[in-house]
Structure formats: structure tokens, C-alpha cells
Amino acid sequence: TGAKTATLYLPYEVAVPTGMKAYYGTAVTGGYLKLTALDGTVIPANTPVVLMSDAANFDFVSNQGTTALPSGINGTLEGTAADITVGTDKYLTLGESDTKAGTYGFYMYTGETIAANTCYISYPVLCAKGLTLSFNDDATGISNASADAADSATKVIYDLQGRRVSHPQKGIYIVNGKKIAF
């Protein structure tokens, strides 16, 4: 995609191309799909993954190995080797948030067919409107980064020294007990 983010599900093992990271789902908490980076350079067969890269196009090379599924994979993120006709079922698929430009996650799918070799989340999942992506290699430990936190008068904002802040600038703050990046 333009965000250089995609999902992939293949019934055979492939090498992770240079310049790309592959992640698998490990948990759903607080409106986030927690993703963990795959160890090594192989995407095991039948493993639903989210791909991230600076480039938009890649070639995947099939491996002949039988790498085991990653430990900790929770089954929330699913994949399909054949097209799925949606019908009356509901699914979340990878896309951009309609309320926060540049924020990608899994949101309610409105199309008729989910394409083969992509990933989805069966609905209902513990989420209201969708799931934002949260990566395990986030060095700050902040999973809810949003400048919108200051927009609500009901939120109490503190700096890291414990002082109450009414007009936060760029930086890290505590908002209602959670670390937030502005």
C-alpha cells in the first residue's frame, strides 16, 4: 500500500525479503492488535503476517523448509489461501483509519470479497470500531500515541515529573494513567 504496509498469508514457506519486517499477532488489548516480529528470515507456511517496509514492491522466494509456527501466535489474525465471499459475516481488514489519517490498523471491511493470500480478523473481536497496530519493537513502550489526547477537557495530563500540564507541547506525558506521545 502507500503506507508500505500489507498482510500476507501463504500455504508455503517464503523468505523475508531484505528491507522488510514481518510481524504476527500475539494479543488484542485495549483496542490494539499487538504484533511481534518474526525471528529469522523465514515466514512459515500458513502464518498470517503483517508486513512493513520502506519500499512498496517485493518479490517473495519460496523455501523448501518446514519452519514451525512462531510461539505466542494467538489466532486472532487469520489468513486465507482462497477468496472469501463476505456475505452476512463481518471481518476486520488492514486499512487506514477514517478518523486519523496515517494510522493503520484492522477496521470493519465493507467489500464483498476478501482476496486470497491476505489476512483478516473475524468479528466480533474485543474492539469497538477497529484495532490499531502495536509493535513489540517499539522502544518507548508507548502503545497509544496520539495528539488527540489533549483535545478533551475530561483528560488530566501530567509531565514525566508529575506536574499537571494544561497545554502539552511535543513530548511524552501521562494522560489518565497512560503514557502518551504528543
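The structure this text deals with has already been given above.
Quick notes on the rules
- Residues numbered from 1 in each chain as written.
- Predicted model: local features only at pLDDT ≥ 70, side-chain atom pairs only at ≥ 80, totals over all residues.
- Heavy atoms only, no water.
- Pairing = 2+ DSSP bridges.
- Helix = DSSP H or I, 4+ residues; strand = E, 2+ residues; numbered from the N terminus.
- Axes fitted to C-alpha atoms, helices over the stretch in contact; angles between N-to-C directions.
- Phe/Tyr/Trp six-rings, centres within 6.5 Å; stacked < 30°, edge-to-face > 60°.
- Buried < 20%, exposed > 50% of the residue type's maximum accessible area, 1.4 Å probe, protein only.
- Core = buried A, V, L, I, M, F, W, Y, C linked by side-chain atoms within 4.5 Å.
- 1 Å grid on protein atoms, 1.4 Å probe; cavity = no way out; pocket = protein on both sides within 12 Å on 5 of 7 lines; lining within 4 Å.
- Points joined across faces, edges and corners; volume = space filled by probe spheres on them.
- Nonpolar A, V, L, I, M, F, W, Y, C, P; charged D, E, K, R; others polar.

(A) Spatial organisation of the pairing of strand E12 (residues 118-122). Bridging between strand E7 (residues 78-80) and E12 involves three bridges; their strand directions are antiparallel. Bridge pairing in E12 places Gly-79 opposite Cys-119.

(B) View of the sheet that holds E7. Pairing is mixed across the open sheet formed by nine strands, whose spatial order is E1-E6-E3-E4-E13-E10-E9-E12-E7. One side of each edge strand has no neighbouring strand; the edge strands of this open sheet are strand E1 (5-8) and E7. Taking each pair of neighbouring strands and ignoring which way they run, the sheet shows an average axis angle of 40°. Taken together, the four bridges between strand E4 (residues 32-37) and strand E13 (residues 130-135) define a ladder with parallel strand orientation. When the sheet's bridge partners are listed, Tyr-32 is paired in E13 with Thr-132.

(C) View of unusual backbone geometry. For Asn-46, which is not a glycine, the phi torsion comes out positive at approximately 60°. Within the secondary structure layout, Asn-46 lies in the loop between strand E5 (42-43) and strand E6 (49-53). For Asn-117, which is not glycine, the phi dihedral falls at a positive 65°.

(D) Molecular detail of the packing of aromatic side chains. In total, this model carries one aromatic pair according to the counting rule given. Judged by centre distance (5.2 Å) and plane angle (90°), the rings of Tyr-91 and Tyr-120 are edge-to-face. Of this pair, Tyr-91 sits in strand E9 (residues 91-96) while Tyr-120 is found in strand E12, placing the two residues 29 residues apart along the sequence. Under the relative-accessibility criterion, Tyr-91 is labelled buried at 10%.

(E) Examining the nonpolar core more closely. Formed by 13 residues in total, the largest nonpolar core has its most connected members in Leu-33, Phe-106 and Ile-121. Counting only elements with at least two residues in this core, the list comes to strand E3 (20-29), E4, E12 and E13. Formed by 11 residues, the second largest nonpolar core is a distinct cluster that contains Tyr-24, Leu-38, Ile-43 and Val-49.

(F) Just the layout of surface pockets, in detail. By volume, the second largest pocket is sized at about 160 Å³. Those elements giving two or more residues to the lining of the second largest pocket turn out to be E1, E9, strand E11 (113-114) and E12. Tallied by class, residues from the lining of the second largest pocket come to seven nonpolar, seven polar and no charged.

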